[in-house]
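Single-letter residue listing:
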Amino acid sequence: MLSVVYRGKGDFALLDKPLPQLQDEKDAIVRVTLSSICQSDIHIKHGSVPRAVPGTTVGHEFVGVVEEVGPGVKKLKPGMRVAANVETFCGECFFCKRGFVNNCTDKNGGWALGCRIDGGQAPFVRVPFADNGLTPIPEGISDEKALFTGDILATGYWAAGLGEIQPADTVAVIGAGPTGMCTLMSCRLYSPATLIAIDTNEDRLALAREKGLADVTLNPLTCDIEAEVKALTEGRGADTVLEVAGARNTFELAWRIARPNAVVCVVALYDQPQMIPLPDMYGKNLIFKTGGVDGNKCEEILKLIKAGRLDPSFLITHRYPLKDAMAAYDLFEKKEDGVIKVALVP
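Rules used throughout
- Residues numbered from 1 in each chain as written.
- Predicted model: local features only at pLDDT ≥ 70, side-chain atom pairs only at ≥ 80, totals over all residues.
- Heavy atoms only, no water.
- Helix = DSSP H or I, 4+ residues; strand = E, 2+ residues; numbered from the N terminus.
- Rg over C-alpha atoms; globule rule 2.2 N^0.38 Å.
- Buried < 20%, exposed > 50% of the residue type's maximum accessible area, 1.4 Å probe, protein only.
- Contact = heavy atoms within 4.5 Å.
- Lys, Arg positive; Asp, Glu negative; His and termini not counted.
- Charge placed at Lys NZ, Arg CZ, Asp CG, Glu CD.
- Axes fitted to C-alpha atoms, helices over the stretch in contact; angles between N-to-C directions.
- Parallel < 35°, antiparallel > 145°, perpendicular 65-115°, else oblique.
- Nonpolar A, V, L, I, M, F, W, Y, C, P; charged D, E, K, R; others polar.
- Left-handed = near helix turned anticlockwise from the far one by under 90°.
- Polar contact = N/O pair within 3.5 Å; in protein donor to acceptor, adjacent residues only side chain to side chain.
- 1 Å grid on protein atoms, 1.4 Å probe; cavity = no way out; pocket = protein on both sides within 12 Å on 5 of 7 lines; lining within 4 Å.
- Points joined across faces, edges and corners; volume = space filled by probe spheres on them.

Undergrad: I tried to follow the overall build of the chain on my own but got confused; where do I start?
TA: Counting its regular elements, the chain contains 12 helices and 16 strands. Here the C-alpha radius of gyration of the chain, 20 Å, is about what a compact globule of 346 residues would show, namely 20 Å. The principal-axis extents of the C-alpha atoms in the chain amount to approximately 60 × 40 × 40 Å. A burial count over the chain gives 56% of its 346 residues as buried. For the chain, long-range pairs separated by at least 24 residues make up 70% of all intrachain contacts whose partners lie at least 6 apart in sequence. Of note, the chain has its 37 positive side-chain charges centred 3 Å away from the centre of its 43 negative side-chain charges.

Undergrad: Looking at this model, I keep getting lost on the packing of helix 5 (residues 152-162) against helix 11 (residues 298-306). Mind explaining?
TA: One way to put it is that helix 5 packs onto helix 11 with a least axis distance of 10 Å and a crossing angle of 100°. Regarding the angle of helix 5 to helix 11, the classification is roughly perpendicular. Contacts from Leu 153, Ala 154 and Tyr 157 in helix 5 reach Glu 300, Ile 301, Leu 304 and Ile 305 in helix 11. Split into classes, the residues belonging to the contact of helix 5 with helix 11 amount to six nonpolar, no polar and one charged.

Undergrad: What am I meant to see in the packing of helix 5 against helix 6 (residues 178-188) here?
TA: Packed helices, taken two at a time, are described by their axes: the angle between them and the distance between them. Across the interface, helix 5 lies against helix 6 with an axial gap of 7 Å and an inter-helix angle of 45°. Here helix 6 runs oblique to helix 5, going by the angle between their axes. In terms of crossing hand, the pair formed by helix 5 and helix 6 is right-handed. Where helix 5 abuts helix 6, its residues Ile 152, Leu 153, Thr 155, Gly 156, Tyr 157, Ala 159 and Ala 160 lie against Pro 178, Thr 179, Cys 182, Thr 183, Met 185, Ser 186 and Cys 187. In terms of residue class, the contact of helix 5 with helix 6 is built from nine nonpolar, five polar and no charged.

Undergrad: Please explain the side chain of Asp 239 as it appears in this structure.
TA: Mapped onto the secondary structure, Asp 239 falls in strand 12 (residues 238-243). Relative accessible area serves as the criterion here: at 13%, Asp 239 is assigned to the buried category. A polar contact is formed between the side chain of Asp 239 and the backbone nitrogen of Thr 170, at a distance of 2.7 Å. Among all residues touching Asp 239, those that are not within four sequence positions of it are Asp 169, Thr 170, Arg 259, Ala 262 and Val 263.

Undergrad: Any chance you could explain the layout of surface pockets here in plain terms?
TA: Volume-wise, the second largest pocket comes out at about 300 Å³. Every residue lining the second largest pocket is counted, 15 residues in all, and those nearest its centre are Asp 131, Asn 132, Leu 134, Thr 135 and Glu 299. Taken together, the residues that form the lining of the second largest pocket break down as five nonpolar, five polar and five charged.

Keep in mind these values describe shape, not function.
In C-alpha cells:
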C-alpha cells in the first residue's frame, strides 16, 4: 500500500509497504478515510523529533473505519467510524492512571503513531491500545469535522484547560495557525471577556475574526504587542497567555504580556532551546505550564462538536489524493496558496 515514509533527516518519500497486521490482542486495524499533514510531521522531516524512527509511515491525525480488532479490544467492532488519538496509551501505568497519558511508559505509549510506529498517511494503519487510542465518531459528524479531534483540537482543548481561564478574563493566544485556531475556539468555552489573537499573518488574523474566535487581533509587525495588551487591560497584562507559535521570540513575548501572577502555557514545540531570564521577570510571580498534550478528552471533544460548540473543519483549505502527498507537503511547508491544513484522501 502507498505510504508517506520518513527515511531520515530531510527525507520523506512515497513508498509501497505491506498491509498492517494485528500484533497484539489490544490492536485494531483501521481503514483510513481521511488524514492530514501536521506541523509536527514537518518537525520530524527536519530532525527536530529525536525519537522519530526512520522507515516509519508518518501521520497521526486521521479518521477511518475499524476493519479488524484483536480479542482484547472491548469498545470497538468492525464497521465503526473512529477518530485517532495522537497518543496511544496503556491506561494502566502510573502516569495513565493520573491522566498524564502523554507520558505513558509502555513502549508504544505517548506519541508513537507516525513517529515511532507506522501512522495514518496510508490506506490502513494498526493502532495499539485501540480502546484508548480510537474514539467512536457520533452519528452526524463528518470526517472533516472529526479529523482534528485527536491532535490539534485535543491540544487546543488541553491548553485551554491548563490556562485556568475564568469568566471575564483576558486571554492572549500567540499564534493563529491551525493549533492556535483550535486553542482560540477551546478558550471560548470558558467565557473570557476578551480573546486576543497574535500572529504575523494578516490573513489568519482576519479568519480568526471572521469565525468569531478572537475579539482583538494584533500583529507584531505593525504594533507594539506588549503596549497594546496593557492598554486593553488597564496596564496589567493578560490573565492567561497561551504560546502556540514556537517562533524565535514568542516565548519572551508570552511572559512579557502576562500580568503578575498570570498563567503562561507553552504549547508550542520549539526547534531551539529557550531561555527563562529569571532576573528580568522577578516579582511577576508567573505560573508556567509546559508540555505535550494529554489527549484523553477525545470523547468530550466529539460531544462538543456534535453540539455545535466546536467545529474546526474550516481549517481544511486543500485536499490531495494520497498519491500526490509530496506535492501537498511542498505546499504546506512553503505555506503557499493560503494553506492552513491539507487533507489527504487515500
